[in-house]
Amino acid sequence: MGSRKVTSWHGKNITVAGLGVSGISAARALAGLGASVTVVDGGDSEGHRARAAELEAAGISVRLGDAEHLPGGTDLVVTSPGWKPDSPLFAAAAEAGVDVVGDVEIAWQLRGENAAPWLAITGTNGKTTTTQMLASILRAAGLRTAAVGNIGTPIIDVVTGDETYDVLAVELSSYQLHWAPSVRAHSAAVLNLAPDHLDWHGSMEAYAADKGRVYEGNTVACVYNVADKATEDLVVEADVEEGCRAIGFTLGAPGPSMLGVVDGILVDRAFVENRQKNAQELAQVEDVNPPAPHNIANALAAAALARAFGVEPRAVRDGLRDFRPDAHRVAHVAEVAEVTYVDDSKATNTHAAEASLAAFEPVVWIAGGLAKGATFDELVQKSAKRLRAVVLIGADRALIADALARHAPEVPVTDLDRTDTGAMLAAVREAARLARPGDTVLLAPACASMDMFANYNKRGDAFADAVRELAAESA
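Before going into details, it helps to say that this report is about the structure given with it.

The rules behind each value
Residues numbered from 1 in each chain as written. Predicted model: local features only at pLDDT ≥ 70, side-chain atom pairs only at ≥ 80, totals over all residues. Heavy atoms only, no water. Helix = DSSP H or I, 4+ residues; strand = E, 2+ residues; numbered from the N terminus. Rg over C-alpha atoms; globule rule 2.2 N^0.38 Å. Buried < 20%, exposed > 50% of the residue type's maximum accessible area, 1.4 Å probe, protein only. Contact = heavy atoms within 4.5 Å. Areas by Shrake-Rupley, 256 points an atom, 1.4 Å probe, with all protein chains shown as cover. Lys, Arg positive; Asp, Glu negative; His and termini not counted. Charge placed at Lys NZ, Arg CZ, Asp CG, Glu CD. Pairing = 2+ DSSP bridges. Axes fitted to C-alpha atoms, helices over the stretch in contact; angles between N-to-C directions. Right-handed = clockwise from strand over helix to strand, strands pointing away.

### Thoughts on the overall build of the protein
Looking only at helices and strands, the protein features 17 helices and 20 strands. Its C-alpha atoms give the protein a radius of gyration of 23 Å, within 12% of the compact-globule value 23 Å for 475 residues. Projected onto its principal axes, the C-alpha coordinates of the protein cover approximately 70 × 60 × 40 Å. Within the protein, the fraction of its 475 residues that count as buried is 56%. In the protein, of all internal contacts separated by at least 6 residues, the share reaching a separation of at least 24 is 66%. Split by element, the accessible area of the protein, about 19200 Å² in all, is 48% carbon and sulfur. Counting 41 positive and 62 negative side-chain charges, the protein places the centres of these two groups 3 Å from one another.

### Examining the sheet that holds strand E6 (residues 118–122)
Pairing is mixed in the open sheet, where 9 strands are placed in the order E7-E8-E6-E9-E10-E11-E12-E13-E14. Either end of the sheet is taken by a strand with one partner, and the two such strands are strand E7 (147–149) and strand E14 (280–284). Each adjacent strand pair in this sheet contributes to an overall mean axis angle of 25°, direction not counted. Taken together, the 3 bridges between strand E9 (residues 187–190) and strand E10 (residues 221–225) define a ladder with parallel strand orientation. When the bridges of E10 are listed, Ser187 appears paired with Ala221. Against the sheet, helix H10 (residues 229–237) engages E9, E10 and strand E11 (245–249), with an angle of about 155° to E10.

### Considerations on the pairing of strand E3 (residues 61–64)
In summary, the side chains of a regular strand alternate between the two faces of the sheet. Inspection of the sheet shows strand E2 (residues 36–41) paired to E3 by 4 bridges, in the parallel sense. Each bridged residue has a counterpart across the sheet, and for Asp41 the counterpart in E3 is Leu64. The β-α-β motif built from E2, the intervening helix H2 (residues 46–57) and the parallel element E3 has right-handed crossover chirality.

### Examining the sheet that holds E3
Spatially, the 5 strands line up as an open sheet ordered E3-E2-E1-E4-E5, and their pairing is parallel. Unpaired on one side and paired on the other, E3 and strand E5 (99–102) mark the two borders of the sheet. For this sheet, the mean inter-axis angle between neighbouring strands, taken without regard to orientation, is 25°. Packing of helix H1 (residues 21–32) onto the sheet brings it into contact with strand E1 (13–17), E2 and strand E4 (76–79), and relative to E2 it is tilted by some 165°.

Pasting the structure below:
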């Protein structure tokens, strides 16, 4: 898949698919460069009409209620990340010989002379945390940077804005990579690979291939997870610049060209003199917040990318110490009656839930939601010994219940048979009944939230509110 670079946008007829944050950003930027822009969206709500009115006031055409037909004369389609490759609009574009690209591709093409290099991060889980850790490390090194891409400010706004940067920490989802064929990072990391978004990609192979795009054209380092061979396989398959190195990260003692952990110390055997014999101390495990195994892996990946960019060891330590994780990511909510309540609503797939469950024992697990094509047998097999009990909510909870029946029949399971937002309070109350002093009640749903909540943040908020109500009753 290739993309023809647009040398001049003036007079081009651009169709933007989607009236969300990234679509609006792309529409405004391209219209500002002289393109004739039409935004199409299948929605026609009051919110859609309000956003459309703002764009129309800026001279941008908007077509609501029709996301299937390609506007006549379209030269290029710019899609928002979530639109599926088999969307009718894209079939029409293919029939007309029109390229489809994403906002990340447009951002790459709009970079100016001497643009800041990109340090790119993808993977099934940990992307946002690792990107934010990397930005914190880069700032600690005195570099002008921002965490962009799948988080924060739209990447088009960053590359076309007035502020200048030395380097960008760029989180890229599989969706964004699918639509960004010409992006070439300074260095990139694939943190892990596990089945996710298979309903969008169609197969695990297609999903992995899109993740692997992040390595294409890397100039300095391709960072992979030693514990996840699939990530190393993607490095082997990538077409990189001459001299680009494969750099592993591991929770064990690192070999040459790796970062790892020795006696509670994060060490570098990749970016040091005589890496066959020498290692450089970067930070203590206690400098990572929180110091759960999966988060230490995130820190090592961030450190590897920073070191590939020439960052000194002290900045790695200081950046990790300064980092604070997002809400709803293994967040301690409260302790009630000697039971700890932890919100990991951001664990929206099985791989993330497995990492979360591995950090605690014993656990009363609250799970369920939209499975997005996932299966739960492997997750239950790996986590069964940690489970005190399970409370299930959400549309696809039966899939988890079936896996528990097969692989953990001795674990008590409460199926609340609810998908209303009030189910979270009932789930917390039931989890409190099942828990014993010293246990952790963990919200790690292993599913998306949209069957019950607007997003995982709202789901986590509901959990925290329920825990606080429980605490008030116990006071």
